[in-house]
Amino acid sequence: MKKKVLSLVLALMMIFAFSVTLTGCGSGSDSGDAAYKVGFICLHDENSTYDKNFIDAANAACENLGVEAVIKTNIPEGQECYDAAAELVDAGCGIIFADSFGHEDFMIQAAKDFPDVQFCHSTGTKAHTEGLENYHNAFASIYEGRYLAGIAAGMKINEMIDAGDITADQAKIGYVGAYTYAEVVSGYTSFFLGARSVCESATMEVTFTGSWYDEALEKEAANKLINDGCVLISQHADSMGAPTACENKGVPNVSYNGSTKDACPNTFIVSSKINWEPYYEYAIKAAMDGTAIDADWTGTLETGSVELTEINEDVAAEGTVEAVEDAKAKLESGELKVFDTSAFTVEGKNLDSYKADVDTDADYTPDTEVIKDGAFLESEFRSAPYFDLQIDGIKLLDTKF
């Protein structure tokens, strides 16, 4: 009997020791036995080109760093965002990212309620004025990528003029925008300036959907622009609606956030996008090491944060690759400025001074001089765009959003 009791005691001791060993293996990321967790909050899912771009970057960055990605999709720009952030905190995430403009206030509240967790928000504007050590904004100089894509568009229009398909005064571009936010204004303006740098007669019409992602509305908007005489379409909207409309009608298209060549081989020219992987890796490493993260981080062409897809030379005009590469080198060296004030007018006049709303308030009060040395300095005073000028040559068809 004593031997049986002794055997039972020894067995229980071995089980206890084994369970303690297992607990120790999962006690922290430094041991390498439990992955550091990183949370991501996305407005939509992979059906949205915008969110797919974030999701792909999140998975790549986490794989590179050997950490665990916990991704929540289809999170609206409301209280649901705060709830998702709180759930990710409870799941053990040490840093949490959100991807849409309207998530910002809820991310800020989460940062205040969970001071031991880092919160990073893409496209937001308030980190530099909130002053929270655990809340940060990030964006990239995507206006440079759109400018380069605009060059490809302008060269295609020149090809159409030279071929006699259209006349110079018919060089009208259509643009499908989501909202009239500065981010969208900055995007369509930089695209237009790129196009007009090679096609002087180019004009643009912009229509808005009032949604970041609505395939039916985006397709309808593109068709509206095509029916109104636009000979090339681009977009700041997140579905395949506009590219599909272009493919159906044989109209050249410049998309956003990824190539649509497979779906639209006969009309796709090129796409610009932000590559979020460099920022994710930077911020995650900082959070793991306990070092400071910039309140406002701006990625550039040089950091690999602004990219163009491969140009579809079956559709693009001859010489497009070389022209884009030449302009890219000039942007990187500083020789070329996208918002060079000599390249555009507002109500017929060149600008030498302009105050923008950088320190966002409820009334969007202009507060910062942003023109210096003949250029509008986009994304220099905060990461998110603040270019909100309506320049000559661009006609807005609908501004209710």
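Every chain's residues receive numbers from 1 upward, in the order its sequence appears when written. Selection of residues for local features in this predicted model requires a pLDDT of at least 70, selection of side-chain atom pairs for listing and counting requires 80 or more, and totals for whole chains, interfaces and linings are taken over all residues. With hydrogens and water excluded, all non-hydrogen atoms of the structure serve as input to the side-chain values.

Peer 1: Tell me about the sheet that holds strand E6 (residues 172-177), residues and numbers included.
Peer 2: Strand order across the open sheet formed by 7 strands is E12-E10-E9-E8-E6-E7-E17, with mixed pairing between neighbours. The open sheet is flanked by strand E12 (306-308) and strand E17 (394-396), the only strands paired with a single partner. Across this sheet, the average inter-strand angle for adjacent strands is 20 degrees, counted without regard to direction. One ladder, built from 6 bridges, connects E6 with strand E7 (residues 203-208); its direction is parallel. Counted as the bridge partner of Gly 174 is Glu 205 from E7. Any two residues whose heavy atoms approach within 4.5 Å at even a single point are treated as in contact. Geometry is summarised by axes, namely lines fitted to C-alpha atoms with helices restricted to the contacting stretch, and by angles between N-to-C directions that run from 0 to 180 degrees. The helix count covers DSSP runs of H or I at least four residues long, the strand count covers runs of E at least two residues long, and both are numbered beginning at the N terminus. Sitting on the sheet, helix H6 (residues 142-162) touches E6, strand E8 (232-236), strand E9 (253-256), strand E10 (268-274) and E12, and the angle it makes with E10 is about 170 degrees. Two strands qualify as a pair provided DSSP detects at least 2 bridges between them.

Peer 1: Tell me about the environment of Asp 357, residues and numbers included.
Peer 2: Secondary-structure assignment places Asp 357 in the loop between strand E13 (355-356) and strand E14 (368-369). A C-alpha to C-alpha distance of 29 Å links Asp 357 and Val 254, two positions 103 residues apart in sequence. Aside from chain neighbours lying at most four places away, what touches Asp 357 is Tyr 364, Thr 365, Pro 366, Asp 367, Arg 382 and Tyr 386.

Peer 1: Which residues make up the nonpolar core, and what values go with them?
Peer 2: Side chains of a nonpolar character, in soluble globular proteins, are inclined to be buried together. Side-chain atoms within 4.5 Å are what join buried Ala, Val, Leu, Ile, Met, Phe, Trp, Tyr and Cys residues into a set we call a nonpolar core. When a residue's accessible area, from a 1.4 Å probe over protein chains only, is under 20% of the maximum for its type it is buried; when over 50% it is exposed; and in between it is partly exposed. Of all hydrophobic cores here, the largest spans 86 residues; its most connected members are Ile 95, Phe 97, Tyr 279 and Tyr 280. No other element matches the 11 residues that H6 contributes to this core. Excluding its chain neighbours within four sequence positions, the residues that come into contact with Tyr 280 are Phe 40, Phe 54, Ala 57, Ala 58, Ala 61 and Phe 97. Among the nonpolar cores identified, the runner-up in size contains 20 residues, and Ala 85, Leu 88, Phe 119 and Tyr 135 belong to it.

Peer 1: Any details on the pattern of salt bridges? Residues and values, ideally.
Peer 2: Whenever Lys or Arg places a side-chain nitrogen within 4 Å of a carboxyl oxygen from Asp or Glu, that contact is recorded as a salt bridge. Under the definition given, this model contains 9 salt bridges. Asp 228 is paired through a salt bridge with Lys 172; the nearest N and O atoms lie 3.7 Å apart. Placement of Asp 228 in the loop between helix H8 (215-227) and E8 and of Lys 172 in strand E6 is noted, with a sequence separation of 56 residues between them. Looking at Lys 172, the relative accessible area reads 18%, which means it is buried. Across the pair Lys 273 and Glu 307 runs a salt bridge, and its minimum N-O distance is 3.9 Å. Placement of the pair is Lys 273 in strand E10 and Glu 307 in strand E12, with a sequence separation of 34 residues. Note on Glu 307: relative accessible area 28%, which makes it partly exposed.

Peer 1: An account of the sheet that holds strand E4 (residues 118-122) is requested, with residue identities and associated values reported.
Peer 2: Strand pairing in a sheet is mediated by backbone hydrogen bonds. Such pairs are either parallel or antiparallel. With respect to topology, 6 strands assemble into an open sheet ordered E2-E1-E3-E4-E5-E11, the strand pairing being parallel. In this open sheet, the two strands that pair with only one neighbour each are strand E2 (68-72) and strand E11 (296-299). Recorded for the sheet is a direction-independent mean angle of 20 degrees between the axes of neighbouring strands. Across 4 bridges, the pairing between E4 and strand E5 (residues 135-140) is parallel.

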